[in-house]
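Descriptive analysis of the structure
The lines below spell out each chain.
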Amino acid sequence: MNQKRPPVGIENFEKIRTGDFYYVDKTGMIKELLENWGEVNLFTRPRRFGKSLTMSMLRSFFEIGTDKSLFDRLAISEDSSLCEQYMGQFPVISITLKQVKGNNYEEARNQMWNVFSLEAGRFSFLQDSDRLDIIEKEQLQSLRMKTGSLEDGLLQLSMLLSRHFGKKVIILIDEYDVPLQKAYENGYYADMTELISQIFGYGMKSNEYMFFSVVTGCLRVVKESIFTGFNNPKVHTILDDQYDEWFGFTDTEVRGILDYYGLDQYYELTREWYDGYRFGSENVYCPWDVISWCDQLRRSSDCTPQNFWANTSSNDMVTRFVEMSDETTRAELEELSEGRCIGKEIQPELTYAEMDRSIDNLWSILFTTGYLTQNGRNEDGTWRLVIPNREIRSLFDRQIKSWFYAHIENGLQPLFQAFDRNDIAGIEKNVNACLIDSVSFMDGGNTDEMRETFYHGLLLGMLRGRRGWRVKSNREAGSGRADIILIDRMRHCGHIIEVKYSRSRTALKNRALEGLHQIEDTLYDEYFHDSDIQNIYHYGMAFHQKKCTVVQ
C-alpha cells in the first residue's frame, strides 16, 4: 500500500485532501465553532501551528460550490444534519495579510490593495449577475482595478456576494497582525492601525451582509481599537481551554502519525524535541516540526532531530527588548535555560505602541510567539513559564540568550576585569553600580532567605554574562554547598563566592566576613581537588538593599 506523503509546507486543505497527503483530522473545530457561534471570532496562536490550514478548511467547508467529498470519512461528516445545513451554503471572503509587510506605508497599502484585488478577481462571475445593477458591477471592477475604496473593500464584497447569492457572507482573515508588526518595526504604525481599523470596522463591525467572521493572528492586539465597537468579539488565546486541541497536534495524533509511517521507535525522541506546548489544558506539539521530522525520517532513518522552527517566526519584536534588559532579566533567562520555570504576569492584550515601554512585556511576547509556554499558575496568580522542549531550548540559547549576552556583557566588562585582577575594591564598586542601575530592593522578597536567594541569583546572572567562564551554583564542595563557584580556564584560576543578606547597612562587613569564614571552615577549596586550577580566590559578599560589601 502506498503511503500518503507528509504535507510539508502545504496550507491548502483541498490540495492535501486531493493530493494524497496525510491529514490530521481537525474538522471537529467546525462543529465547535457553530455550536459556540460568535459574530467575530479571533484566534491567536504562534506561527506554524496550523492557522492558515484551518482557515483553508473552513473555506472549503462553507463555500458555495465546494467539493463535499473533501470531507468524506472525516469527523465532521458524521454529523449529517450539520453538514446538510451548513456545508457549501455560504459565499466566503477569504484573505491573508501575511504578505502585507512593506518598508513604508505606501508600499504596505499597495500590498493590501493587491490582496483585495486578487480576492475580488475570484468573484469576476458577478459581472454577469442579473441580481446586480451597473453601479454595483462597477464597484466590483474598481476593487479589481484598485481604483475604489480600500477601506470599505470588505463591506463592498460582502454586499455584492450577498445580493447575488441571497445569503449572508462568511469572512475569513488570516494573519491579521502581520501588517501591524511590520508597520511597528518600520515607523508607520499609526497609519497602518488606522487603515486596518477602518477595513475591519466597515467589514465586520456593522456589516448586515455578514453571517460571521474568523480572524487569526499571532498576537492579541484588541487595545489597538481595531476591534473597537464590535459586539462582544470572541477572543480565543493560548490561555483558553476552548478550542485548545484544534491548533497543534495532540499526543494521540502524533502517535498516530508515527505509527502510520512505521516510526513508533522515535516517539520519545519526538516528544522530547517537539512536544511541551500547553494551549489551555491541552498539551500539544508544533505541527510544522512533527511533519518535517517525519518527512526527514522517511527519507533517512540515520538522522537526528533538527531545529525546524528556527526561521519560521520573526524575531524582530524580541530584539527590541535587548536594550532594556538588565541583570535580573539575564538571571531569569539562565533559570529558563537550565530547565526551571519563572513566575510572570502575562498580558493577553498587547498594544504594539506600548510594547517596548516595559521589560515586563518581554515575557508576554516570548510566551505568545512560542518561545515559552506555561505550566500552570502560582498562588499569586502569576504564570509558571518554561521553555517547551529541546528544539526551542537550543534556539533560545543560540539566539535570544546571545542577544542578551552581547548587550549585558558590554556593560559588565569592568566587573569582569576586576575579577581578572583580583581587585576587591573594583568588584565591590561595579556590583554596586549594577545594583543602583537595575535593581529595586523591593524585588527581594519578604524573608531573609528569599532576599539572600534573590541577590544570589542576581550575582549569578551577572557572572554568567562572561563567555568563557564556567559558573556553578550551589555545588557540593568540602562539607557543604558553595553558593557560587567560578572557573576561569584561560587564567587557570577559580573563584569561590559566598553570598549573605544583611538586615542593616552597618552589619554588611560582618555578614561578608561570615561568608568568607564559611568558605574556609567548610573547605570549599576541595571542589578543585585533582584539577589544574592553580589559584583559588575567596570572596564573602553581603547585600542590603542597593548596597554590597565584598571582603577577601
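Let us look at the pattern of salt bridges. Scanning the model with the defined rule gives 28 salt bridges in all. Across the salt bridge formed by arginine 299 and aspartate 295, the nearest N and O atoms sit 3.2 Å from each other. Taken together, the residues span about one helical turn, with arginine 299 and aspartate 295 both in helix α12 (residues 287-299) at a distance of four residues. Residue classification places arginine 299 among the exposed positions, given a relative accessible area of 61%. For arginine 503, the salt bridge identified is with aspartate 448, shortest N-O distance 2.6 Å. Taken together, the residues arginine 503 in the loop between β13 (493-501) and α20 (508-521) and aspartate 448 in helix α19 (residues 448-463) connect sequence positions 55 residues apart. Overall, the relative accessible area of 29% leaves aspartate 448 in the partly exposed class. Where salt bridges share partners, they join Arg59, Glu63, Glu119 and Arg122 into one cluster.

Before going further, it helps to spend a moment on α19. The periodicity of an α-helix, 3.6 residues per turn, causes residues three or four places apart in sequence to face the same way. Here α19 is 16 residues long and its end C-alpha atoms lie 23 Å apart, about the 22 Å a rise of 1.5 Å per residue gives. Taken as a whole, α19 has its buried residues at Phe454, Tyr455, His456, Leu458, Leu459, Leu460, Gly461, Met462 and Leu463.

Relative orientation and spacing of two packed helices are given, respectively, by the angle between their axes and the distance between those axes. Axis separation between helix α2 (residues 28-35) and helix α3 (residues 51-62) bottoms out at 10 Å; the angle between their running directions is 75°. With respect to each other, α2 and α3 are oriented roughly perpendicular. Judged by residue contacts, Met29, Ile30, Leu33 and Leu34 of α2 engage Thr54, Met57, Leu58, Phe61 and Phe62 from α3. Residues of the contact of α2 with α3, tallied by class, amount to eight nonpolar, one polar and no charged.

Attention now goes to the pairing of β13. In terms of residue burial, β13 counts as a mostly covered element, since nine of its nine residues are buried. The alternating pattern of β13 places Cys493, His495, Ile497, Val499 and Tyr501 and Gly494, Ile496, Glu498 and Lys500 on opposite faces, both of which are buried. Bridge count for strand β12 (residues 480-488) against β13 is five bridges, and the pairing is antiparallel. In the strand pairing of β13, isoleucine 487 is matched with glycine 494. Counted between consecutive antiparallel strands, the loop separating β12 from β13 contains four residues, among which histidine 492 sits at a positive phi close to 55°. Relative to strand β14 (residues 535-544), β13 runs parallel, the two being bridged by nine bridges. Opposite cysteine 493, over in β14, you have asparagine 535 as the bridge partner. Handedness of the crossover joining β13 and β14 through α20: right-handed.

Glancing now at the side chain of threonine 44. Topologically, threonine 44 is positioned in strand β1 (residues 40-44). The exposure class assigned to threonine 44 is buried, which follows from its relative accessible area of 6%. Among all residues touching threonine 44, those that are not within four sequence positions of it are Gly217, Cys218, Leu219, Arg220, His236, Thr237 and Ile238.

For the coordinates displayed, the defined rule picks out 33 aromatic pairs. When the centroid spacing of 6.3 Å and the interplanar angle of 85° are considered together, the rings of phenylalanine 123 and phenylalanine 125 count as edge-to-face. Ring plane angle 10° and centroid distance 6.4 Å describe the contact between tyrosine 455 and tyrosine 501, whose orientation is recorded as stacked. With tyrosine 455 in helix α19 and tyrosine 501 in strand β13, this residue pair connects regions lying 46 residues apart in the sequence. The two residues tyrosine 455 and tyrosine 501 agree in class, both being buried. A connected cluster of aromatic rings, assembled from ring pairs, spans Phe13, Tyr23, Trp37, Phe61, Phe62, Phe71, Tyr86, Phe90, Phe211 and Phe212. Positioned above the aromatic ring of phenylalanine 21 is the side chain of arginine 5, whose terminal nitrogen or guanidinium carbon lies 4.1 Å from the ring centre. The ring of phenylalanine 279 is capped by arginine 45, whose NZ or CZ atom sits 5.4 Å from the centre of that ring.

Counting buried positions along strand β3 (residues 169-174) yields six of six residues, so the element is predominantly enclosed. Along β3, one buried face is formed by Val169, Ile171 and Ile173 and the opposite face, lined by Ile170, Leu172 and Asp174, is buried too. Pairing of strand β2 (residues 92-96) with β3 involves five bridges; the strand directions are parallel. Bridged to isoleucine 93 within β3 is isoleucine 171.

Definitions and cut-offs
Just so you know, the residues in each chain are numbered from 1, in the order the chain's sequence is written. Totals for whole chains, interfaces and linings use every residue, but because this is a predicted model, local features are given only for residues with pLDDT of at least 70 and side-chain atom pairs only at 80 or more, for both listing and counting. Side-chain figures throughout are based on the complete set of non-hydrogen atoms in the structure, without hydrogens or water. Counted as salt bridges are all cases of a side-chain nitrogen of Lys or Arg within 4 Å of a carboxyl oxygen of Asp or Glu. The helix and strand labels rest on DSSP assignments: H or I over at least four residues marks a helix, E over at least two residues marks a strand, and numbering proceeds from the N terminus. Whether a residue is buried, partly exposed or exposed follows from its accessible area with a 1.4 Å probe, protein chains only, as a fraction of its type maximum: under 20%, in between, or over 50%, in that order. Here a helix's expected span is defined as the number of its residues, less one, multiplied by 1.5 Å. Axis definition: a line fitted to C-alpha atoms, limited for helices to the stretch in contact. Angles are taken between N-to-C directions and run from 0 to 180 degrees. Here roughly perpendicular refers to angles of 65 to 115 degrees, roughly parallel to angles under 35, roughly antiparallel to angles over 145, and oblique to all remaining angles. Two residues qualify as a contact provided that any one of their heavy atoms is within 4.5 Å of a heavy atom in the partner residue. All residues other than Ala, Val, Leu, Ile, Met, Phe, Trp, Tyr, Cys, Pro, Asp, Glu, Lys and Arg, Gly among them, are scored as polar; the first ten of these are nonpolar and the last four charged. When DSSP finds at least two bridges between two strands, those strands are taken to pair. Consider the strands pointing away from the viewer: the crossover is right-handed when the path from the first strand over the helix to the second runs clockwise. Working definition: rings of Phe, Tyr and Trp (its six-membered ring) pair if their centres are within 6.5 Å, and the pair is stacked with planes under 30 degrees apart, edge-to-face with planes over 60 apart, and tilted otherwise. When the NZ atom of lysine or the CZ atom of arginine is within 6 Å of a ring's centre and also within 35 degrees of its normal, the charge is said to sit over that ring.

Scope: geometric values only; no functional claims are made or implied.
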